[in-house]
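Here are the chains, one letter per residue:
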Amino acid sequence: MIELQDVSKKYPTGQIALYNVNLKLQKGEMAFLTGHSGAGKSTLLKLIALLDRPTQGKVLIDDFDISQLKRNQVANYRRSIGVIFQDHHLLSDRTIFDNVALPLMISGMRLPDIERRVHAALDKVNLMSKQNDYPMMLSAGEKQRVGIARAVVNKPSIILADEPTGNLDPGLASDIMQTFLQFNDLGATILIASHDQPLIERMGKRIISLQKVKSR
Ligand code: ADP
Ligand code: ADP
């Protein structure tokens, strides 16, 4: 379902972030992307999310080359992917409910449907009781779970996460991984960038390792 064919990415600075990467993820697969800082993990996720484009090669989703998407299809495509970052970028002046509802508001969904979906998503990450709280009142692990709820509230078939446990202690990091396993069980295809080797080895899933490209 996700395929990279001979993908290279050279930034305008001349930095080569990815060189000739080939990769296939099956529908419903969960895998980890690992490698040292600077190996190109974030870049690879951005290319799949169509937040940036490769300088060479193709990214195919369900055998379709996403560079061929029309301008007006790009937003739709991005919405079909749930992206989770290390910093959750929650809006501090909005409640947890509103933070999670945001992607649905933007897509123009009706309020009763929004409520149902937000509650379902908050329930999945065990945060129903916090829906009227503000981000400031939450712990780091809880904030990260809000970020996950917001990313999955559209029921994306693909979930991408960039160092989602980077700021969390080991216990909370394991909880977050359990949450991803749940969404994987529901059928989502999941790719998680992480350099927490012990944690990802415990998960027993496929590990894709990126090597850093030397500047030339
Ligand atoms: P990782 O996520 O594995 O740490 P990145 O994808 O962030 O790696 O970065 C890969 C390489 O590309 C690094 O050398 C980084 O400095 C460089 N890089 C990342 N983003 C940019 C950018 N916007 N402009 C220039 N160089 C970048
Ligand atoms: P509903 O259909 O009432 O929204 P579901 O029980 O089907 O609720 O799903 C509950 C929540 O789990 C959803 O709101 C969504 O956040 C998440 N979810 C369900 N299926 C998927 C999926 N395939 N990928 C990602 N998230 C999902």
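Predicted model, so just to flag it, every value in this text is computed and none were measured. (Residues numbered from 1 in each chain as written. Chains lettered and ligands numbered in written order. Predicted model: local features only at pLDDT ≥ 70, side-chain atom pairs only at ≥ 80, totals over all residues. Heavy atoms only, no water.)

**Here we look at the pattern of salt bridges**
Step number 1: Summed over the entire model, instances satisfying the criterion amount to four salt bridges.
Step number 2: One salt bridge connects K9 with D52, and the closest N-O pair in it is separated by 3.2 Å. Separated by 43 residues along the polypeptide, K9 in strand β1 (residues 2-10) and D52 in the loop between α1 (41-48) and β4 (56-61) bring together distant segments of the chain.
Step number 3: Taking relative accessible area as the criterion, D52 reaches 25% and is therefore assigned partly exposed.
Step number 4: With its nearest N and O atoms 3.8 Å apart, the salt bridge here joins K130 to E142. A residue pair is termed long-range when its members are at least 10 positions apart, and K130 in the loop between α4 (111-124) and α5 (140-152) and E142 in helix α5 qualify at twelve residues.
Step number 5: For K130, a relative accessible area of 23% puts it in the partly exposed group.
Step number 6: Owing to a relative accessible area of 17%, E142 belongs among the buried residues under this scheme. (Salt bridge = Lys/Arg side-chain N within 4 Å of Asp/Glu carboxyl O. Helix = DSSP H or I, 4+ residues; strand = E, 2+ residues; numbered from the N terminus. Buried < 20%, exposed > 50% of the residue type's maximum accessible area, 1.4 Å probe, protein only.)

**A look at the sheet that holds β1**
Backbone-to-backbone hydrogen bonds join strands into a sheet, with any given pair of strands oriented parallel or antiparallel.
Step number 1: Ordered in space as β2-β1-β4-β5, the four strands form an open sheet in which the pairing is antiparallel. Across the chains shown, the open sheet's two edge strands, defined by having one partner strand only, are β2 (16-25) and β5 (64-65).
Step number 2: Where β1 meets β4, five bridges bridge the pair, whose relative direction is antiparallel. Looking at the pairing, I2 lines up with I61 of β4. (Pairing = 2+ DSSP bridges.)

**A look at the site of ligand 1**
Step number 1: Lining the immediate surroundings of ligand 1 are Y11, T13, Q15, A17, H36, S37, G38, A39, G40, K41, S42 and T43.
Step number 2: One of the backbone N or O atoms of G38 is found 2.7 Å from an oxygen atom in ligand 1.
Step number 3: Between ligand 1 and the protein, one listed contact pairs an oxygen atom with a backbone N or O atom of S42 at 2.8 Å.
Step number 4: For the shell around ligand 1, the leading source of residues is α1, giving three residues. (Near = heavy atom within 4 Å. Polar contact = N/O pair within 3.5 Å; in protein donor to acceptor, adjacent residues only side chain to side chain.)

**Considering the confidence of the model for the protein chain**
Where the model shows low pLDDT, its predicted coordinates should not be examined in detail.
Step number 1: On average, residues of the protein chain carry a pLDDT of 93, and 99% of them reach 70 or more.
Step number 2: Per the prediction output, this complex has pTM 0.89; the corresponding ipTM is 0.74. (pLDDT = per-residue confidence, 0-100.)

**A short note on the site of ligand 2**
Step number 1: Near ligand 2 you find R116, R117, A120, A121, K124, V152, K155, P156, F183, L186 and A188, and these make up its full shell.
Step number 2: Here R116 contributes a side-chain N or O atom positioned 2.5 Å from an oxygen atom of ligand 2.
Step number 3: K155 places a polar side-chain atom, nitrogen or oxygen, 2.7 Å from an oxygen atom of ligand 2.
Step number 4: Bound to the protein, ligand 2 loses 76% of the 540 Å² it would expose on its own. (Areas by Shrake-Rupley, 256 points an atom, 1.4 Å probe, with all protein chains shown as cover.)

**Regarding the packing of helix α3 (residues 96-106) against α5**
Step number 1: Relative to each other, α3 and α5 sit at 30°, their axes nearing to 7 Å. In terms of orientation, α3 lies roughly parallel with respect to α5. When you trace α3 past α5, the crossing you get is right-handed. For the pair α3 and α5, contact is made by I96, N99, V100 and P103 and by V146, A149 and R150, respectively.
Step number 2: Class assignment for the residues of the contact of α3 with α5 results in five nonpolar, one polar and one charged. (Axes fitted to C-alpha atoms, helices over the stretch in contact; angles between N-to-C directions. Parallel < 35°, antiparallel > 145°, perpendicular 65-115°, else oblique. Left-handed = near helix turned anticlockwise from the far one by under 90°. Contact = heavy atoms within 4.5 Å. Nonpolar A, V, L, I, M, F, W, Y, C, P; charged D, E, K, R; others polar.)

**Considerations on α4**
Step number 1: An ideal rise of 1.5 Å per residue puts 20 Å on 14 residues; α4 measures up with 20 Å between its terminal C-alpha atoms.
Step number 2: Among the residues of α4, those classed as buried are I114, R117, V118, A121 and L122. All buried residues of α4 fall inside an arc of 130° around its axis, so they share one side.
Step number 3: Its buried side turned inward, α4 meets α3 and α5.
Step number 4: Following α4 by one or two positions, N126 has its phi on the positive side, about 65°. (Expected span 1.5 Å × (residues − 1). Arc of directions from axis to C-beta.)

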